[in-house]
Amino acid sequence: MYDLIIKNGKLVTPDRVYEADIAVKDGKYAAFLAPGTEAEATEVIDAEGNLVYPGIIDCHAHLNEPGFDYREDFETGSRAAAVAGCTTLIDMPLNNDPSLMNKEIFDLKMSKITKHSYIDFGLWGGIVGDFDDDPDSVHNNLADLEDLEKAGVAAFKGFTCPNGPLFPTVNMGNVREALELLKPYKALCGFHCEEYGQVLEREKKAKAMTGLSRQEKIRAFLDSHDVWTEYVATKNVIDMARATGGRVHICHVSHPMVAQVVKEAQYEGLPITAETCPHYLGFSEDFVFEKGGPAKCTPPLRTKEDVEKLWDYVLDGTLSCVGSDHSPAADEEKDNESRDIWQAWGGLNAIQFFLPMMFDMVVHQKKLCPSLIAKVMDYNPAKVFGFYGQKGAFEIGFDADAVILDPEKPWKVEQEKLFTKGHVTCFDGLEGKGAPTCTVIRGRVVAKDGMYVEEAKGFGKYVTPVR
Ligand SMILES: [Zn+2]
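Residues numbered from 1 in each chain as written. Predicted model: local features only at pLDDT ≥ 70, side-chain atom pairs only at ≥ 80, totals over all residues. Heavy atoms only, no water.

- The name an unreviewed UniProt entry assigns to the protein is allantoinase, from the organism Mogibacterium diversum.
- The UniProt entry for the protein carries the following text under Sequence similarities (unreviewed entry): "Belongs to the metallo-dependent hydrolases superfamily. Allantoinase family."
- Listed under Subunit (unreviewed entry) in UniProt, the entry text for the protein is "Homotetramer." (UniProt positions renumbered as here; feature names shortened; annotations may be inferred.)

Set out below in structure tokens:
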């Protein structure tokens, strides 16, 4: 007698789509049955006509708790993620107050977030540096990294560009030392790659220009974060991986020129992985001119030609993961009427349509196989972040996560109806096809037909990697 059977669905893996029924016992996959096999279960879900993914892992999300829960907290962010088909997310250490920099803060954060996450989660630990500090005062947290690693963080994140006092920028000395310290643990260090000096100088110059129209200001913003800032920082960080042998992950690659550098490093055999996001694959800088502040993110959106070329690097495996980079804000921080591009919050409200947007792009617009989604949004993130063995594949004994997706179901983003705390999103009004009808985590339904299951609040558990 099983606890749950999901029958009549088409299971999607990175290399095939096939018919099988999923049998679940004690929160794990217990068997994969030939279609039509008679088996008893307490609960049966009919997935007739739908695809079933073994979960969706969002490897890059900012849920802002503790400290900035007026932007997003684990309750609101994870329920929106559940509706979007995410079964696991990996939360970023910044846009928190305090940022996740040591074991004490880890304990504080866990005491808050475990109470109300709807979905399973991992954590990125922070690497903060002393780029622009007084050389006599030590502000970096290098001495705390091993404790965070032992607390089971999935990866570490550092910023190479100006990022404010709560999460100070790392210099290449900090990057090198962090990689050396964490190498024995095979821990992964991810970086936001935009080079400090260029961003600082170019933003200063752009902001000093007067008399610009709204559109001219947007051009100035985009130019101040052009590809050379991302390219140089990526090369520097890759060089530190070359120097130390430490594992490096390049976050949110936005441009084919940057992806090419990653590809060459991988070809050389360096331990480099990289991700991109749906917005870099589906939207160009024209979208920023149209939407203004709500479409502001860094690195910014690139040209149409760059967007097209970036797909080549997803398809050839260079950019092996796709994350949402959900980086929400309070509505007034994204207000397009009162704020210009410089004052607008840099980050997109993106998590609730993470899977639907990617599915529409991959399957309906690009006419690619739905397997690509299983690869870049589940299997590869599970492998890269160490969750494989628990997550990321239809394997007996793995967590019984499942996302049932109706490939033809139409959807439309209506920002006032989002389950996130803030509602302003540049994707308001966007339409597509292909949406989850049911999200199952460890054998339990956490979202159904576009609504989260209230009782699943707090069900989400902390997932730690196996290196
Ligand atoms: Zn981010």
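On we go from here.
## Details of the layout of surface pockets
Point 1. Considering only enclosed or pocket space, the largest pocket measures out at about 780 Å³ in volume.
Point 2. Around the largest pocket, the lining comprises 37 residues; the ones closest to its centre are Phe159, Pro162, Asn163, Thr298 and Gly346.
Point 3. Looking at the lining of the largest pocket, the elements that each hand over two or more residues are strand 11 (155-159) and helix 5 (196-208).
Point 4. When residues of the lining of the largest pocket are assigned to their parent elements, the largest contribution, 4 residues, is made by helix 5.
Point 5. Along the lines of polarity and charge, the residues of the lining of the largest pocket split into 16 nonpolar, 14 polar and 7 charged. (1 Å grid on protein atoms, 1.4 Å probe; cavity = no way out; pocket = protein on both sides within 12 Å on 5 of 7 lines; lining within 4 Å. Points joined across faces, edges and corners; volume = space filled by probe spheres on them. Helix = DSSP H or I, 4+ residues; strand = E, 2+ residues; numbered from the N terminus. Nonpolar A, V, L, I, M, F, W, Y, C, P; charged D, E, K, R; others polar.)

## A few points about the coordination of the zinc ion
Point 1. Within the protein, the atoms that donate to the zinc ion are His60 (NE2), His62 (NE2) and Asp325 (OD), at distances of 2.1 to 2.2 Å.
Point 2. Counting the intervening residues between successive donors of the zinc ion yields the motif H-x1-H-x262-D. Taken together, the residues span a long stretch of sequence, with His62 in the loop between strand 8 (57-61) and helix 1 (74-83) and Asp325 in the loop between strand 15 (321-322) and helix 12 (354-365) at a distance of 263 residues. Of the two residues, His62 and Asp325, neither departs from the other in class, the shared state being buried. (Donors = N, O, S within 2.8 Å, 3.2 Å for Na, K, Ca; no water. Buried < 20%, exposed > 50% of the residue type's maximum accessible area, 1.4 Å probe, protein only.)

## What to know about the environment of His364
Point 1. With respect to the element layout, His364 can be found in helix 12.
Point 2. In the structure, His364 is positioned 133 residues away from Tyr231 in sequence and 31 Å away in space, judged by C-alpha atoms.
Point 3. Discounting chain neighbours no more than four positions away, the residues touching His364 are Phe359, Pro407, Glu408, Lys433 and Gly434.
Point 4. Within the structure, the side chain of His364 is placed 2.7 Å from the backbone oxygen of Pro407, a separation counted as a polar contact. (Contact = heavy atoms within 4.5 Å. Polar contact = N/O pair within 3.5 Å; in protein donor to acceptor, adjacent residues only side chain to side chain.)

## What to know about the nonpolar core
One recurring pattern in soluble globular proteins: nonpolar side chains tend to sit buried together.
Point 1. The biggest cluster of nonpolar side chains holds 112 residues, and the ones touching the most others in it are Leu123 and Ile250.
Point 2. With 8 residues, helix 12 is the largest single contributor of residues to this core.
Point 3. For Leu123, the contacting residues outside a window of four places in its chain are Phe74, Ile90, Asp91, Leu100, Phe106, Lys109, Met110, Ile113, Val153, Ala154, Ala155 and Tyr462.
Point 4. Ranked by size, the runner-up nonpolar core spans 21 residues in total, among them Leu94, Ala155, Cys251 and Val463. (Core = buried A, V, L, I, M, F, W, Y, C linked by side-chain atoms within 4.5 Å.)

## Remarks on helix 6 (residues 214-224)
Point 1. Among the residues of helix 6, those classed as buried are Ile218, Ala220, Phe221, Leu222 and Ser224.
Point 2. Those residues of helix 6 that are buried lie in contact with helix 5, helix 7 (227-244) and helix 10 (285-291).

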